[in-house]
Structures are given as structure tokens and as C-alpha cells.
Amino acid sequence: MAQPQQSEGAGATPDGAASGKPPLRVGMVGYSFMGAAHSQGWRTAGRVFDLPRRPVLSVICGRDSTAVHAAAERHGWAAAETDWRAMIARDDVDLVDICTPGDSHAEIALAALTAGKHVLCEKPLANTVEEASTMAAAAEEAYSRGQLAMVGFNYRRVPATALARRMVTEGRLGRLRHIRVTYLQDWLVDPEFPLTWRLRKEQAGSGSLGDLGAHIVDLAQYLAGERLAGVSALIETFVRQRPLPGGGPTSGLSAVKAAGTGQVTVDDAALFTGRFTSGALASFEATRYATGRKNALRIELNGERGSLAFDLERLNELAYHDGTEPGAHAGFRRILVTEPDHPYLEAWWPPGHGLGYEHTFVHQARDLVHAIAEGRQPEPSFADGLQVQRVLAAVEESAEKNSVYTPIAV
Ligand code: SOE
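Now for a look at the structure at hand. (Residues numbered from 1 in each chain as written. Predicted model: local features only at pLDDT ≥ 70, side-chain atom pairs only at ≥ 80, totals over all residues. Heavy atoms only, no water.)

### A closer look at the state of the cysteines
1) Next: Evaluated as defined, the whole model comprises zero disulfides.
2) Next: Here Cys 99 stays unpaired: no disulfide links it, and the sulfur of Cys 121, its closest cysteine neighbor, is 8.6 Å away. (Disulfide = S-S within 2.5 Å.)

So this is what it looks like as C-alpha cells:
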């Protein structure tokens, strides 16, 4: 069989086929859950959407050589590195994708921007406002050199939430009065769950607040099209000591006893109310103790002319109430968000076939590739990520002051 003609600069995709599009060579740091999800996004985006540049899974980086080489094989990366600084220096990396715990986001992003790379950084942008502020300033300066940076708030890229944003922008809800949003998980209900990095402030920055709360703050502000002005908050850590991750071949109680226990230094749950700049009122709940709720991000917006409601566990659907309908016909109706004129759907399956969680990372990769090709700032930017970090800091400050209303610093 004749080999496909390689046009200048096209390069070959991992499966050897030339696409005729210039490559966008990705170097990713991290290979756990987010590394797997982002790999899926980079692998698939160019095969589903007609992109101006072809994502290439160039190199994956992780400290453990055996594990990162296995991840490269499993997720389709052409090379593996154990030193992220060496990866950033490679000339076969155009974009650095940061999928590590929050304590390394700033160091890696700043080095990548200095090295002339584009950057995608997982949420939350950083562990502190100070770090996020430095990153946002560096990204702004890099923008002037044609380098682009984005934060991975992927729930903006569910077709249903993107449709909700379109409907709010079209004025279908009118002036917003309420936004109520929860993000409910239950993976910490068992007190024997070990003290992993997400439970240590020095690595994660915060607990449910930064992990889940960052998502719902960003999504609420994105859908509302405006920002929070201030918050009143409660946060709690229900289980303060947990078994250290067991080492060695013997697991179970003997390993736990051998390893001992450690202190949880982050929040388990955060509840806060907020006022938007328009005066709309909001309520937020982020918890890892909602027994039975696995990944239940639910948001509802109530406006003068109507309401919208979304549930991540039913992510192909959007509930809409048109408040202008005559009383006899009024009520919430379900929009099945699978039509070709719905956001992102033109590239996928026929109506009714549905998408999933992983597709949000494909859409994230698609949108970032287009922004890079057009030299346009992708959203959410590092500045957006900094603002979310400021909201999280205000939540913590309010909670420390018995829920006193705390303005969001600008
Ligand atoms: C937490 O369990 C988590 O993995 C978050 O870190 C992700 O951002 C979210 O998308 C799924 O849940």
C-alpha cells in the first residue's frame, strides 16, 4: 500500500497518517486521573473535529520511570520523561499540559511560559492567590509574545452547560435573581480512606473547596456572565485523622497500624452564599461526604423570565422553564442536548446518542487548539483562574470569621 504523502511540516500522527495540518506537540506532566482524561482529549480532538493544527501526544512526564513509560504506552504518548524541566526544554513540545497536584502548578507553568510554550493548567490554577497572581501576570506577559494559557475548568465544555450559557446570553432568563449550585461526592465518607495528597494542604492547597468548589464557582460565574462580589461561608473537616497510605505488600489493618495515621489539613466540606455584582444571590455547596452522591454537580439559575437546571450525572440534558409561557402550558421541560446545532455536537453522533464526562476534555482540547491557531486568548484564562482563587480565599477568610460577609478582592 502506498504510503500517504507527507506534506511539509505536517508530520505523521501516531498512527502514521499525515493530516496536512501543522502539528501542535503536547508535553504533559502527570499521568493519573487527569493525565488519562487529558490524554483522551488530545488523542481524540483531531479525529473528531476539523482542527487548524493537529494535536500530537509528544511526551508525557512523571517521576516514576516505570509508571510513566507504562502510561506513555497506555495513553499513546510518543515519548516519556521523568524530569519536567527537561520536557519543557524539548523542541518537540509546543504546549505544556499540567496535570499534577496544585503545589507544582505555579513552578511548572512559569517555567513553561518562560521557555516560550503555550500552557494548559488543571484547576484550580494554584494553591494560593499569590501563586495564581504570579501565574496570571506571567501569562499576560507571555500573551504579548504570542503564547496562550488556559485553565482546565472543563465543565464549561459540556454541551448542556455551553447551551445554558448561550440561552442566558440570549436573554431567555432575563435578569438573574438566584444561582444555586452543589458539587456532591462521597469518596471520603469512609474514615479508613487513607491520607492521600488531596487531604494535605501543602499539596492540594485546600480540600473540597479547591477541588470541587473551584469548579462550581467558575461554572456559576461563567453561566451568569458576571462575577461574585462577596461571600459568607462555613467550612468543616469531619474526619481529622486518617490512616497514612499503607506501604509494602501487606495491606489492611496491619499495614495501617504499621504506617500509623496522619492529620487531615484541608476542609472536607464548604457551604457558602454569595452576592453577584448584579445583586443576584447564590448558594454553593462542595462536599466529599454526600453519601451516595458520586459526582453530582447540579446548578440552577432563576431569572425573571425563566430558569435553567443542569445535573452532571445527567449531562446530556438541560431543564428549561420558560417563564413567559402561558400558565396552562408552563413548566420545566427537558432539552436533550444532542442536536447538531447544539454546542460541539456537530462533530459527534446522531441525535439521542449522548456524550460523557470524557468529551469535555476533547472539547477543551478543541477550543484551545483553535485559540492557539487564531492567536486568541482562550477562556478561562489564568486571570479567570486567579479570580476563582480569590473567591476561594474569601470563603476561607469568611469561614475563619464565623461566616462574616467577605468581599472578593479585585
Ligand atoms: C475529585 O474527585 C475530582 O476528580 C476533581 O478533582 C475533578 O476536577 C472533577 O472533574 C472530578 O472529581
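And the narrative resumes.
### What to know about unusual backbone geometry
1) Next: Between Lys 123 and the following residue, Pro 124, the backbone shows a cis peptide bond with an omega angle of -20 degrees.
2) Next: Mapping Pro 124 onto the fold places it in the loop between β5 (118–122) and α5 (129–143).
3) Next: Residue Pro 380 is bonded to the preceding Glu 379 through a cis peptide linkage, with omega at 0 degrees.
4) Next: Locating Pro 380 in the fold gives a position in the loop between α10 (359–374) and α11 (382–400).
5) Next: Even without glycine at this site, Tyr 344 takes up a positive phi of about 75 degrees.
6) Next: By secondary structure assignment, the location of Tyr 344 is in the loop between β16 (332–336) and α10.
7) Next: Unlike most non-glycine residues, Ser 403 shows phi in positive territory, near 70 degrees.
8) Next: As for its position among the elements, Ser 403 is in the loop between α11 and β17 (406–407). (Helix = DSSP H or I, 4+ residues; strand = E, 2+ residues; numbered from the N terminus.)

### Some remarks on the site of the ligand
1) Next: With respect to spatial proximity, the complete set of residues near the ligand consists of Phe 33, Lys 123, Tyr 155, Tyr 183, Gln 185, Trp 187, Arg 198, Asp 211, His 215, Asn 295 and Tyr 357.
2) Next: For the ligand, an oxygen atom lies 3.0 Å from a polar atom in the side chain of Gln 185.
3) Next: Considered on its own, the ligand offers 310 Å² of accessible surface; in the complex 91% of this is hidden by protein.
4) Next: Of the residues contributing to the shell around the ligand, the split by class is five nonpolar, three polar and three charged.
5) Next: Domain assignment of the residues forming the shell around the ligand places at least three in each of domain 1 (17–155) and domain 2 (159–314 + 316–355). (Near = heavy atom within 4 Å. Polar contact = N/O pair within 3.5 Å; in protein donor to acceptor, adjacent residues only side chain to side chain. Areas by Shrake-Rupley, 256 points an atom, 1.4 Å probe, with all protein chains shown as cover. Nonpolar A, V, L, I, M, F, W, Y, C, P; charged D, E, K, R; others polar. Domains from an automatic or database assignment.)

### Observations regarding the packing of helix α4 (residues 105–114) against α5
If you want to describe how two helices pack, look at the angle between their axes and the distance between the axes.
1) Next: For the pair α4 and α5, the least separation of the axes is 10 Å and the interaxial angle reads 15 degrees. By the angle class used here, α4 and α5 are roughly parallel. Crossing geometry of α4 relative to α5 is assigned as left-handed. On α5, the residues that touch His 105, Ala 106, Ala 109, Leu 110 and Leu 113 of α4 are Glu 131, Thr 134, Met 135, Ala 138, Ala 139 and Ala 142. (Axes fitted to C-alpha atoms, helices over the stretch in contact; angles between N-to-C directions. Parallel < 35°, antiparallel > 145°, perpendicular 65-115°, else oblique. Left-handed = near helix turned anticlockwise from the far one by under 90°. Contact = heavy atoms within 4.5 Å.)

### Notes on the pattern of salt bridges
1) Next: Within the structure shown, the criterion is met by 26 salt bridges.
2) Next: Of the charged contacts in the structure, one is a salt bridge between Glu 236 and Arg 240, with a shortest N-O distance of 2.9 Å.
3) Next: For Asp 311, the salt bridge is made with Arg 298, and the minimal N-O distance between the two is 3.3 Å. In this pair, Asp 311 sits in strand β14 (residues 306–311) while Arg 298 sits in strand β13 (residues 296–303), placing the two residues 13 residues apart along the sequence.
4) Next: The exposure class of Asp 311 is buried, given its relative accessible area of 17%. (Salt bridge = Lys/Arg side-chain N within 4 Å of Asp/Glu carboxyl O. Buried < 20%, exposed > 50% of the residue type's maximum accessible area, 1.4 Å probe, protein only.)

### A look at the sheet that holds strand β8 (residues 228–236)
1) Next: Strand order in the open sheet formed by nine strands is β16-β15-β14-β13-β7-β12-β11-β8-β17, and the pairing between neighbours is mixed. On the outer flanks of this sheet lie β16 and β17, each paired with one strand and no other.
2) Next: Pairing geometry for strand β7 (residues 176–184) and strand β12 (residues 281–287), over seven bridges, is parallel. When the sheet's bridge partners are listed, Ile 179 is paired in β12 with Ala 282.
3) Next: Sheet strands in contact with helix α8 (residues 208–224) are β7, β8, β11 (269–276), β12 and β13, and its direction is about 150 degrees off that of β12.
4) Next: Where α11 meets the sheet, its contacts fall on β8, β11 and β17, and the angle it forms with β8 comes to roughly 50 degrees. (Pairing = 2+ DSSP bridges.)

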